[in-house]
Amino acid sequence: MLTKSQKAVLYMVGSVVCFSTMDLIVKYLNNVPFGQVLFMRFFFGMIPIFFLIPRDKIFTFYKTKRPVLHTFRAVCGTIAIIALFVALRNLPLADVISLTFTGPLFVTIMSVIFLSEKVGIRRWSAVLIGFIGMLFIVRPAFEEMNLYYIFPIIFSLGFANVAISIRSLSKTEPNYLIAFYFSLLSLLIGLSTIVNGWIWPTLYEAFLFAILGLAGGIANLLLTQSYRLADASLVSPIKYLSLVVAIVAGYLIFSEVPKTMTLFGAVLIVVSSFIIFR
């Protein structure tokens, strides 16, 4: 019989696998219109959410007494996912994944601003180390004027706002409702791009669309369940397995060789996150 901690670890590993699958498919489908990929991610991603809705609430599940905070979470989440998709389609995979690890740094800062949490010198030092690591990775943004490096940072800022809002929403709102409004907004924005022209997918692309949406939807549910069963300090470090996946997959599938500066910056960010979660 597995303990709660062991289950939490397995849920987090499953989350990493699903998120990594989503990232790879988004990058692989670079020839498909952006809005179409976004729509398919959330069209199929809605399926796991509806399976969680209790039968007695199937016609009223959308009701909430906190519409403003749901809207804020949905907008921040949508901005974050759009920024992530843009980055994945235009930057090396390892660079993008490394920069997404700056999320906890921004969460720490947002916690001080919005939740009045007290942060000691140890965590502030970790934030500083993490930002130094980030600067190593985004050097091409300055050397080559590659502005796409700003998008993973936008993702991390959006992620930080999402994390702060979910801390509050989770006290009164079920997981499926928090995920539903975010998914609905992203789906509608993706659908609005149909006027720009979508393509008729091949059978293989349609299959990838389904895997993309299901993987993204399931990943979020596994991540939430993992955090419910164990402290963040136990399970959060497992997320860094996705960097290993990104390096290996980037090399094997996309012929991307990670730069030394990327690896060094990633190490600094990982170390800083470990300190924050301790």
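Predicted model only: the values in this text are computed from it and were never measured.

A. Region of interest: the overall build of the protein chain. Of regular secondary structure, the protein chain possesses 13 helices and 0 strands. If you list the helices and strands of the protein chain from N to C, you get α-α-α-α-α-α-α-α-α-α-α-α-α. What you see for the protein chain is a C-alpha radius of gyration of 18 Å, in line with the 19 Å of a compact globule of 278 residues. By principal-axis analysis of the C-alpha atoms, the protein chain measures approximately 50 × 45 × 40 Å. Counting only residues that meet the buried cut, the protein chain has 47% of its 278 residues in that class.

B. Representation of the nonpolar core in the model. With 59 residues, the main nonpolar core has Val 37, Ile 81, Leu 84 and Phe 85 as its most contacted residues. Contacts of Phe 85, omitting those with residues within four sequence positions, involve Met 22, Val 26, Phe 34, Val 37, Leu 38 and Arg 41. Counting 6 residues, the second-largest nonpolar core is a separate cluster that includes Met 12, Leu 223, Val 235 and Ile 238.

C. Summary view of the packing of aromatic side chains. A full pass over the atoms with the stated rule returns 15 aromatic pairs. Seen from their ring centres, Phe 43 and Phe 44 are 5.2 Å apart, and the 85 degrees between their planes marks the pair as edge-to-face. Measuring from centroid to centroid gives 6.4 Å for Phe 155 and Phe 159, while their planes differ by 25 degrees, and the two rings are stacked. Here Phe 155 pairs with Phe 159, and both are found in helix H8 (residues 150-169), just 4 residues apart, close to one helical turn. Note on Phe 155: relative accessible area 15%, which makes it buried. Taking the relative accessible area as the measure of exposure, Phe 159 reaches 29% and is therefore partly exposed. Every member of this aromatic cluster is reached through a ring pair, and the members are Phe 50, Phe 61, Tyr 62, Phe 180 and Tyr 181. A cation over a ring is seen here: Lys 27 above Phe 254, with NZ or CZ 5.5 Å from the ring centre. Over the ring of Phe 42 we find Arg 41; its NZ or CZ atom is 4.2 Å from the centre of that ring.

D. Spatial organisation of the side chain of Ser 183. Mapped onto the elements, Ser 183 comes out in helix H9 (residues 175-192). Ser 183 has contacts with Phe 42, Met 46 and Ile 49, leaving out every residue within four places of it along the chain.

E. Fine view of unusual backbone geometry. Despite not being glycine, Ser 255 has its phi angle at roughly 55 degrees, a positive value. Topologically, Ser 255 is positioned in the loop between helix H12 (241-254) and helix H13 (260-277). What makes Ser 255 exposed here is its relative accessible area of 63%.

F. The arrangement of the side chain of Asn 146 in detail. With respect to the helices, strands and loops of the structure, Asn 146 is situated in the loop between helix H7 (139-143) and H8. For Asn 146, a relative accessible area of 19% corresponds to the buried category. Engagement of the side chain of Asn 146 in a polar contact is seen with the backbone nitrogen of Tyr 148, the distance being 3.1 Å.

G. Spotlight on the environment of Phe 61. Examined against the element boundaries, Phe 61 turns out to sit in the loop between helix H2 (34-52) and helix H3 (67-90). Once the C-alpha coordinates of Phe 61 and Phe 180 are considered, the two residues, 119 residues apart in sequence, prove to be 9.6 Å apart. Other than its neighbours up to four places away in sequence, Phe 61 contacts Phe 50, Ile 53, Tyr 176, Leu 177 and Phe 180.

H. Seen up close, the packing of helix H1 (residues 4-28) against H12. Contact geometry of H1 with H12 gives a least axis separation of 10 Å together with a crossing angle of 30 degrees. Here H1 is positioned roughly parallel relative to H12, judged by the angle of their axes. Here H1 runs over H12; the crossing is right-handed. In this structure, H1 contributes Val 16, Ser 20, Leu 24, Lys 27 and Tyr 28 to the contact, and H12 contributes Leu 241, Ser 242, Val 245, Ala 249, Ile 253 and Phe 254.

Definitions and limits used
Residues numbered from 1 in each chain as written. Predicted model: local features only at pLDDT ≥ 70, side-chain atom pairs only at ≥ 80, totals over all residues. Heavy atoms only, no water. Helix = DSSP H or I, 4+ residues; strand = E, 2+ residues; numbered from the N terminus. Rg over C-alpha atoms; globule rule 2.2 N^0.38 Å. Buried < 20%, exposed > 50% of the residue type's maximum accessible area, 1.4 Å probe, protein only. Core = buried A, V, L, I, M, F, W, Y, C linked by side-chain atoms within 4.5 Å. Contact = heavy atoms within 4.5 Å. Phe/Tyr/Trp six-rings, centres within 6.5 Å; stacked < 30°, edge-to-face > 60°. Lys NZ or Arg CZ within 6 Å of the ring centre and 35° of its normal. Polar contact = N/O pair within 3.5 Å; in protein donor to acceptor, adjacent residues only side chain to side chain. Axes fitted to C-alpha atoms, helices over the stretch in contact; angles between N-to-C directions. Parallel < 35°, antiparallel > 145°, perpendicular 65-115°, else oblique. Left-handed = near helix turned anticlockwise from the far one by under 90°.

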